[in-house]
Amino acid sequence: MQFLSIANVVLAIALYGVTVAHEHDHHEDQVPLDYVRYPVEPLYRGASGEVTADAIFSGITTFARLPWVQCLSKDRNEAFDIAFLGAPFDTGTSYRPGARFGPAGIRAGSRRLTLYGGYNVPLEFNPFRSGLKIVDCGDIPVTPYDNKVAIQQIEDGHKALLHREPYSSLGNDSVTGQALTPLSIDGKHHPRIITLGGDHTIVLPLLRSIYSAYGPISVIHFDSHLDTWKPSVFGGAPSDVAAINHGTYFYWASQEGLINNGSSIASHGAIRTTLSGLEDYENDDDAGFQRIEAREIDTIGTEGIIKKIRDVVGDSPVYLSIDIDSIDPAFAPATGTPETGGWSTREIRTILRGLDGLRIVSADIVEVAPAYDTNAELTTMAAADVLFEVLTVMTKTPLGK
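Definitions and limits used
- Residues numbered from 1 in each chain as written.
- Predicted model: local features only at pLDDT ≥ 70, side-chain atom pairs only at ≥ 80, totals over all residues.
- Heavy atoms only, no water.
- Salt bridge = Lys/Arg side-chain N within 4 Å of Asp/Glu carboxyl O.
- Helix = DSSP H or I, 4+ residues; strand = E, 2+ residues; numbered from the N terminus.
- Buried < 20%, exposed > 50% of the residue type's maximum accessible area, 1.4 Å probe, protein only.
- Axes fitted to C-alpha atoms, helices over the stretch in contact; angles between N-to-C directions.
- Left-handed = near helix turned anticlockwise from the far one by under 90°.
- Contact = heavy atoms within 4.5 Å.
- Pairing = 2+ DSSP bridges.
- Right-handed = clockwise from strand over helix to strand, strands pointing away.
- Phe/Tyr/Trp six-rings, centres within 6.5 Å; stacked < 30°, edge-to-face > 60°.
- Lys NZ or Arg CZ within 6 Å of the ring centre and 35° of its normal.

1. Digging into the pattern of salt bridges
- Under the criterion given, the structure shown has 18 salt bridges.
- A salt bridge links Lys 307 to Asp 311; the nearest nitrogen and oxygen atoms lie 2.7 Å apart. Of this pair, Lys 307 and Asp 311 both sit in helix H8 (residues 297–313), four residues apart, which is roughly one turn of that helix.
- Given a relative accessible area of 53%, Asp 311 falls into the exposed group.
- In this structure, Arg 349 engages Glu 389 in a salt bridge whose closest nitrogen and oxygen atoms are separated by 2.9 Å. Taken together, the positions of Arg 349 in helix H9 (residues 345–353) and Glu 389 in helix H10 (residues 378–396) put the pair 40 residues apart, joining distant regions of the chain.
- Glu 389 sits in the buried class, given a relative accessible area of 1%.

2. Looking at the packing of helix H4 (residues 147–162) against helix H5 (residues 203–214)
- At a minimum axis separation of 8 Å, H4 and H5 run at an interaxial angle of 35 degrees. In this structure, H4 crosses over H5, and the sense of that crossing is right-handed. Residues Ile 151, Ile 154, Glu 155, His 158, Lys 159 and Leu 162 of H4 form the contact with H5, whose own contacting residues are Pro 205, Leu 206, Arg 208, Ser 209, Ile 210, Ser 212, Ala 213 and Tyr 214.

3. Thoughts on the pairing of strand E2 (residues 134–139)
- Summarising burial for E2: five of the six residues are buried, a large majority.
- One ladder, built from four bridges, connects strand E1 (residues 82–87) with E2; its direction is parallel. Across the sheet, the residue bridging to Ile 82 is Ile 134, located in E2.
- The parallel pair E1 and E2 is bridged by helix H3 (residues 102–109), and the resulting crossover is right-handed.

4. Some words on the packing of aromatic side chains
- According to the stated counting rule, one finds seven aromatic pairs in the structure shown.
- Both rings, one in Tyr 251 and one in Trp 252, keep their centres 5.1 Å apart while their planes meet at 75 degrees; by these two values the pair is edge-to-face.
- For Tyr 251, a relative accessible area of 17% gives the class buried.
- What makes Trp 252 partly exposed here is its relative accessible area of 25%.
- Grouped by ring-pair contacts, the aromatic residues Tyr 249, Phe 250 and Phe 289 constitute a single cluster.
- The cationic tip of Arg 291 hangs over the ring face of Tyr 281; the distance from NZ or CZ to the ring centre is 4.1 Å.

Below, the structure written as structure tokens:
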């Protein structure tokens, strides 16, 4: 009996302490353990302020541990500045499928990006502390049964986010102090979207969405393949649906006038594909692209590659599309159509940092197929690191003039 009495007293004291503590808590400080404030901060810190490892590998996996916002459903009115958005589509592939799992794999590969705070040393900037609201919007619901419907779903999902009012204002020019004006043709300031593919077919609906805000856009395209093949050459076009695939989407984008192939011409990088014949290059020229062969890095180096890209696109607003197969399969084996002789992860990250100052309106990374990856997740980590460079360049340069 005496033992029970002591136990009851201890329990009563404990409950009283919890009640008093609750009365003194501020409601706004009571947040779930997996909540991340703006700007992004580690979820758990020790008494001395150190970041603990379980802040990185625990909880729901979003890109770089960013806040998850259900942008296409219950949070459709929430504003943001930059959103990561998955497009799990891979029924336009010609060789190895599996890129529908790319968004999930890339998110897994990105978990450690903010382990040490996220400061980008070469670019001398921390994108997660830029003051911009950066979120992970999850994935666009995409049907695996009908490519025509899926392509429309991707366009509609991307467009819904692109035309949302941004969280932050455009701001002023850092030199003149004058208010910046939007680059878009509709005169509005738009948020930016980084899409996680999915096979490269998704870029056609993405460019259709971009066109609705910016008109014809200059494109920087990193890939081992041209992707401007005529449907009669790539796939044979047995139907209108089959004519749109991951080797023909730029052909259609050019035909539809989505690409600015006038004063600012789109640029391929890391090309090293075989061809059906030299007429493939003629068709690529007609589509408005200039090519940088992967092997050119041996003679002109990364600085030469960067110069060629910047000379082509100038100061025009650009859309950036990155196929993971632009990286050599020694560094990124998990892709649908791997080609040897590509760039290393260090080389492509250096080249992407060389785009600093360009006004990138949106971007994507595609063709990550985690089923073919190593146990060490080399490809998904490479994809995440590539996007870290892209995100840093984006956050440093506003979309204004």
